[in-house]
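# Fold and geometry: a report
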Amino acid sequence: MPGHKWKSEKNEEEKPLRRDPYEVLGVSRNSTDQEIKSSYRKLALKYHPDKNANDPKAADMFKEVTFSYNILSDPDKRRQYNSAGFEAVESESQELELDLSSLGTVNTMFAALFSKLGVPIKTTVSATVLEEAFNGSVPIQSLSLGQPLCRKVEKQSAHFYSVTITEKEAKGGLVFRVHSREKSKFKLLYFDQEENGGLSLALQEDSSKTGKVTSAGMYFLGFPVYHMDQTQTSASAAAKDPDSAFFKKLDGFQPCEITELKPGTHVFAIYGDNFFKSASYTIEVVCAAPFTEEKENLRAVEAQILSKRVELSKFETEYREVLAQFTEMTSRYAQEMQAIDELLKHRNEIHASYKTLPAMKRSSSNRSKNQGGSKETREDGPVREKKPSRDRTKKKKWFYIPLKVDKRKPC
């Protein structure tokens, strides 16, 4: 008879075979974040469910591509996978990017509710918008430097802008800033121009709340500029352990893939990322050449943040050790306090046991007092005379009528 298989062996056979994420995305292990992101967007656009409605293989490929990108796009998960494979990466913790345009009304309402409750939901640009941009069929509006423009974009739609810069302006640096006074949710996108005349998404910045507005920006200053991944930050803040959230606060501080722009025409877009309503925004493109001091201050501050992130990782180890000792001391403190209280209580009970006469019962003393009080005389005192009670004559009632009977007469 064949031998029985253990449950663990059965579970391993039931698990689907997973391909190497690098193989799925068609990149090497030494690929940069930008190369991984570009490959993912092309494959996601190719296998998106909107373009392959009745193709189950395409749907499986889309899930596999998304799963692989979720591993390689996160520095920690990528490092864990490189060292220990899939066992070091928990699939349940992977955050999927949602395309709101592909969701139904009910699912969109649920997503909006979870977002309102503070659950971080990572959204992606609509596949329809990306496909139209790749085919070169989107209207593009020219935008001048230093001239702000106020507009409103519909949900899951995009406004495309082109900016033409000279070699001098490219050396000075370029800054794209978008903000919304109505606190609308949007994405700032930068596209690479393909040989066929189409556009492919290269950079993406999600809006974040800064004071009384929501804003997003891209800085091409000729040196590495960092941006904060708000999704990682919010997910860390939502962690159950507040200490872990603090120590992971700077994990989302990552360098931007593109540091400078070449002379020529560049295309940007504003994507409405709200769930149900349009997004109002103001966009402005500024040449950074006159802002010499600001550029130096930005470089210095970001260098301090990077050093602080290194210090934070070292400080976490020390903090965990001290916290463990503090927890141990606190537990011992509570135990010692309880033991001392019990000893003092026992001591008081022993002190109270030293008595010469037994305690009299309250019921017997009260009974004796009542019996003594009922006697008219006492041995140790004079006889008390009772006070005469008032003579209260009964009033005659009206039906007491006297009847005189003559006894002499016979009845």
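Every value quoted in this text rests on a predicted model; they were computed, and no experiment measured them.

## With respect to the overall build of the protein
Tallying secondary structure elements over the protein gives twelve helices and twelve strands in all. Considering only residue pairs separated by 6 or more positions, the protein has 73% of its internal contacts joining residues 24 or more positions apart. If you sum the accessible surface of the protein, you get close to 29,400 Å²; carbon and sulfur atoms cover 54% of it.

## Details of the sheet that holds strand β6 (residues 199-206)
Backbone hydrogen bonds hold the strands of a sheet together, and the pairing may be parallel or antiparallel. Strand order across the open sheet formed by five strands is β1-β3-β11-β5-β6, with mixed pairing between neighbours. Looking along the sheet, the strands with just one partner apiece sit at the ends: β1 (140-142) and β6. In this sheet, adjacent strand axes meet at a mean angle of 30 degrees when their direction is disregarded. Two strands pair when backbone bridges link them, and strand β5 (residues 186-193) and strand β11 (residues 264-272) are joined in this way by six bridges, in the antiparallel orientation. Residue pairing across strands places Tyr190 opposite Phe268, the latter belonging to β11.

## Let's talk about the confidence of the model for the protein
Confidence in the prediction for the protein averages 77 pLDDT; 71% of positions are at 70 or higher. The secondary structure element of the protein with the lowest average pLDDT is helix α1 (residues 7-14), at 44, and the one with the highest is strand β3 (residues 158-165), at 95. Here residues 1-15 scores under 50 on pLDDT; set against residues more than four positions off or in separate chains, the count is two contacts. Low pLDDT, under 50, characterises residues 375-380; the stretch is placed with six contacts to residues that sit more than four places away or in other chains.

About the thresholds
Residues numbered from 1 in each chain as written. Predicted model: local features only at pLDDT ≥ 70, side-chain atom pairs only at ≥ 80, totals over all residues. Heavy atoms only, no water. Helix = DSSP H or I, 4+ residues; strand = E, 2+ residues; numbered from the N terminus. Contact = heavy atoms within 4.5 Å. Areas by Shrake-Rupley, 256 points an atom, 1.4 Å probe, with all protein chains shown as cover. Pairing = 2+ DSSP bridges. Axes fitted to C-alpha atoms, helices over the stretch in contact; angles between N-to-C directions. pLDDT = per-residue confidence, 0-100.

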